[in-house]
Amino acid sequence: MAGGALRPPRGHHVDEPRAVRFALIGLAAAFLAAFLVVPLIAVFAFALREGLGVYLDALREPAARAAVTLTLTVAAIAVTVNVLYGLAAAWSVSKFSFPGRNVLVTLIDLPFSVSPVVSGMLFVLLFGARGLLGPFLSEHDVKIIFALPGIVLATIFVTSPIVARELIPLMQAQGSDEEEAALTLGASGWRTFLHVSLPKVRWALLYGTLLCTARAMGEFGAVSVVSGHIRGRTMTLPLHVEVLYNEYRTTAAFAAASLLTLVAVATLAVPFIVERRSRA
Amino acid sequence: MRRTLPGLPLALGTTLTYLALIVLIPVSTLFVVSSSMTWARFVEVVTAPRTLAAYRLSFGAAFLAAIVNLVFGVLVAWVLERYRFPFKRLVDGMVDLPFALPTAVAGISLASIYAKDGWIGRWLTPFGVEVAFTRLGVVVALVFVGLPFVVRTVQPVLRDLDPEVEEAAETLGASRFSVVTRILLPGLAVPALTGFVLAFARALGEYGSVIFISGNMPMRSEITPLLIMIQLEQYDYPAATAIALVFLLASFVLLLLVNRLTAAYATPPGARGA
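Residues numbered from 1 in each chain as written. Chains lettered and ligands numbered in written order. Predicted model: local features only at pLDDT ≥ 70, side-chain atom pairs only at ≥ 80, totals over all residues.

Notes on the overall build of chain A
For step 1, the next point in the chain: Summing up its helical and strand segments, chain A has 14 helices and zero strands in all.
For step 2, the next point in the chain: Taken over C-alpha atoms, the radius of gyration comes to 24 Å for chain A, far larger than the 19 Å a tight globule of 280 residues would show.
For step 3, the next point in the chain: With the C-alpha coordinates of chain A rotated into their principal frame, the extents come out at 75 × 55 × 30 Å.
For step 4, the next point in the chain: Within the span of chain A, comprising 280 residues, buried residues form 45% of the whole.
For step 5, the next point in the chain: A separation threshold of at least 6 residues defines the contact pool for chain A, and within that pool the share at least 24 residues apart is 73%. (Helix = DSSP H or I, 4+ residues; strand = E, 2+ residues; numbered from the N terminus. Rg over C-alpha atoms; globule rule 2.2 N^0.38 Å. Buried ≥ 20, exposed ≤ 12 C-beta atoms within 10 Å, placed from the backbone. Contact = placed C-beta atoms within 7 Å.)

So, in structure tokens, the structure goes:
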């Protein structure tokens, strides 16, 4: 036990017996296999089990194309808005202290603790045919629920904390010394933000943006409530997957699901690659 | 010093406006709509047998799943931080998959592999264990969605533990087992509990991954978000709102608990570089 200095610096000086170590690694591996690895592989295996032709046909059908277009549109709007909001929220909360700051942090996190179905329901209560503003909206022929605006609003609500959450801990930990130096040297506030603060958080911002994109494209519960499932018009990719699966078109459902899975895998791959590169 | 940074009015103004429009106004409609029903009707809806069965399943299954994630989350964090094995970085990255994978995708995939003749289900059937279309299926889906939380709250704390404390205990004659159970694990209790509550809260509201695997039988395998969905489809907004309100208050209490726990071990802002 006294020979700790002989071990590599990151290694631990005290350790479990070999057998215990192997048993724990095996147990963890079995758990992760059953809940992560097998479900992930299954998506692609089911999608491709009838061959590449059937797979590609499932993605080419008009309903699938319409779902992809709608999903990309919704994600583009939701992510843009939430990145700007995330930056503003993180800047306010991490660089300043003011009364009510903790309440604000709780409010920023609030959508995470609301069930997706309830999130969607909030907008139905507000804008639905029998909602609070329903009569007013139908009088002016504005359609929000069972249409694009409702899907966008529900998606924005659900994904709003993601970017802020990625940025806040990092901005807090980094402090403001560099910003203060830049300001002292005469840089304007905007210049300081763009050339000092943003580069400091660029990887967290990138990861938050990617995660927000993946979640915006994959949101199911909230969108399910406000969409109305109108084929070719208000069906995002996850809803398209649901409908195909319920129609027992399993291969087509998994084919559509594989697109969303690729987005998720790409999102996770970025921090992996970034860390590799910065280490090299 | 921090007072000198510019941009507070713009940033805070944007944040507050956004929160008011996107979060506060929609959430407040919940209270407006539920106040339109009488107290007696409210109580009738939230104590109806079907509602109570849904609450029981949602809270019970979310709790069980969070327990599973607590135990295995600490284990996975431990293995990732302490041991060396092939593909470790890849495994580490994969832990976040439930954060990024759409719940509907997870739902159909889990339902397929845990079905009676599925890749994993077929090995469980001989033991009389049925997962898909049972309440156990709900737990399986909720374990998936809550999996990253405990791992990610425990990992950094485990990494920062001072190895000298372990060495000192060992030098003083403590066995490895008592070092782990009496020194290491107690130090991980608060982050593990934080992760547990986060996983519980996340599982509570989950919809997409559950509905494909649960079978959705009223009174048996119908989760609360699904019941809310059914009420909405029948245009019974007040009933949906009442069920959601009770549910939401529970989630909010959990969120406050998380913030308390996090404050117990995180560095408070302003404590640095003062």
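With respect to the overall build of chain B
For step 1, the next point in the chain: Scanning chain B for helices and strands turns up 13 helices and zero strands.
For step 2, the next point in the chain: Each helix and strand of chain B, placed in order from N terminus to C terminus, yields the pattern α-α-α-α-α-α-α-α-α-α-α-α-α.
For step 3, the next point in the chain: Taken over the C-alpha atoms alone, chain B extends approximately 65 × 65 × 30 Å along its principal axes.
For step 4, the next point in the chain: Looking at chain B as a whole, 43% of its 274 residues are labelled buried.
For step 5, the next point in the chain: Taking the intrachain contacts of chain B between residues at least 6 apart in sequence as the baseline, contacts between residues at least 24 apart amount to 78%.

Regarding the environment of Val74 of chain A
For step 1, the next point in the chain: Checked against the element boundaries, Val74 of chain A lands in helix H3 (residues 62-95).
For step 2, the next point in the chain: The buried category is assigned to Val74 of chain A, around which 23 C-beta atoms lie within 10 Å.

Examining helix H12 (residues 224-233) of chain B
For step 1, the next point in the chain: When you tally the buried positions in H12 of chain B, you get eight out of 10 residues, the bulk of the element.
For step 2, the next point in the chain: Turning to H12 of chain B, its buried residues number three or more, namely Thr224, Pro225, Leu226, Leu227, Ile228, Met229, Gln231 and Leu232 of chain B.

Points about the packing of helix H6 (residues 103-113) of chain B against helix H8 (residues 135-160) of chain B
Residue and element names in this part refer to chain B.
For step 1, the next point in the chain: Taken N-terminus to C-terminus, the directions of H6 and H8 make an angle of 140 degrees; their axes are 11 Å apart at the nearest point. By the angle class used here, H6 and H8 are oblique. Along this stretch, H6 crosses H8, giving a crossing that reads as right-handed. Facing H6, whose interface residues are Thr103, Ala106, Gly107 and Leu110, H8 presents Val140, Ala141, Phe144 and Val145. (Axes fitted to C-alpha atoms, helices over the stretch in contact; angles between N-to-C directions. Parallel < 35°, antiparallel > 145°, perpendicular 65-115°, else oblique. Left-handed = near helix turned anticlockwise from the far one by under 90°.)

Observations regarding unusual backbone geometry
For step 1, the next point in the chain: Unusually for a residue other than glycine, His229 of chain A sits at a positive phi of about 50 degrees.
For step 2, the next point in the chain: With respect to the secondary-structure elements, His229 of chain A resides in the loop between helix H12 (221-227) and helix H13 (237-246).
For step 3, the next point in the chain: For Met219 of chain B, which is not glycine, the phi torsion reads 75 degrees and is therefore positive.
For step 4, the next point in the chain: Met219 of chain B sits in the exposed class, given 12 other C-beta atoms within 10 Å.

Observations concerning the interface of chain B and chain A
For step 1, the next point in the chain: Across the contact, 85 residues belong to chain B and 82 residues belong to chain A.
For step 2, the next point in the chain: The element that contributes the greatest number of residues to the side of chain B that touches chain A is helix H1 (residues 8-35) of chain B, accounting for 15 residues.
For step 3, the next point in the chain: Looking at the side of chain B that touches chain A residue by residue, the classes come out as 59 nonpolar, 17 polar and nine charged. (Nonpolar A, V, L, I, M, F, W, Y, C, P; charged D, E, K, R; others polar.)

Overview of the domain arrangement of chain A
Residue and element names in this part refer to chain A.
For step 1, the next point in the chain: Domain parsing of chain A yields domain 1 (13-48) and domain 2 (50-279).
For step 2, the next point in the chain: Centre-to-centre separation of domain 1 and domain 2, based on C-alpha positions: 30 Å.
For step 3, the next point in the chain: Contacts between domain 1 and domain 2 engage five residues on the former and nine residues on the latter. (Domains from an automatic or database assignment.)

Considerations on the nonpolar core
A general feature of soluble globular proteins is that nonpolar side chains tend to end up buried together.
For step 1, the next point in the chain: Residues Met121 of chain A together with Leu142 of chain B are the most contacted members of the largest nonpolar core, which totals 162 residues.
For step 2, the next point in the chain: Element by element, the count of residues in this core is highest for helix H3 (residues 49-82) of chain B, at 15 residues.
For step 3, the next point in the chain: Mapped onto the domain boundaries, this core takes at least three residues apiece from domain 1 (13-48) and domain 2 (50-279) of chain A.
For step 4, the next point in the chain: Excluding its chain neighbours within four sequence positions, the residues that come into contact with Met121 of chain A are Val225 of chain A together with Ile228, Leu232, Ala240 and Ala244 of chain B. (Core = buried A, V, L, I, M, F, W, Y, C linked by C-beta atoms within 7 Å.)

Description of the confidence of the model for chain B
All names here are of chain B.
For step 1, the next point in the chain: On average, chain B scores 89 in pLDDT, and the residues at 70 or more come to 95%.
For step 2, the next point in the chain: When pLDDT is averaged over each element of chain B, H6 comes out on top at 97 and helix H13 (residues 237-265) at the bottom at 83.
For step 3, the next point in the chain: When the criterion is pLDDT under 50, residues 267-274 qualifies, and its contacts beyond four places in sequence or with other chains add up to eight contacts.
For step 4, the next point in the chain: Under the prediction, the complex receives an ipTM of 0.89, its pTM being 0.90. (pLDDT = per-residue confidence, 0-100.)

Quick word on the confidence of the model for chain A
Residues and elements named next belong to chain A.
For step 1, the next point in the chain: With 93% of its residues at a pLDDT of at least 70, chain A reaches an overall mean of 90.
For step 2, the next point in the chain: Looking over chain A, one finds the lowest element-wise mean pLDDT in helix H14 (residues 250-279), namely 88, and the highest in helix H7 (residues 148-159), namely 97.
For step 3, the next point in the chain: Across residues 1-11 the pLDDT falls below 50, and counting only partners more than four positions away or on other chains, this stretch makes six contacts in the model.

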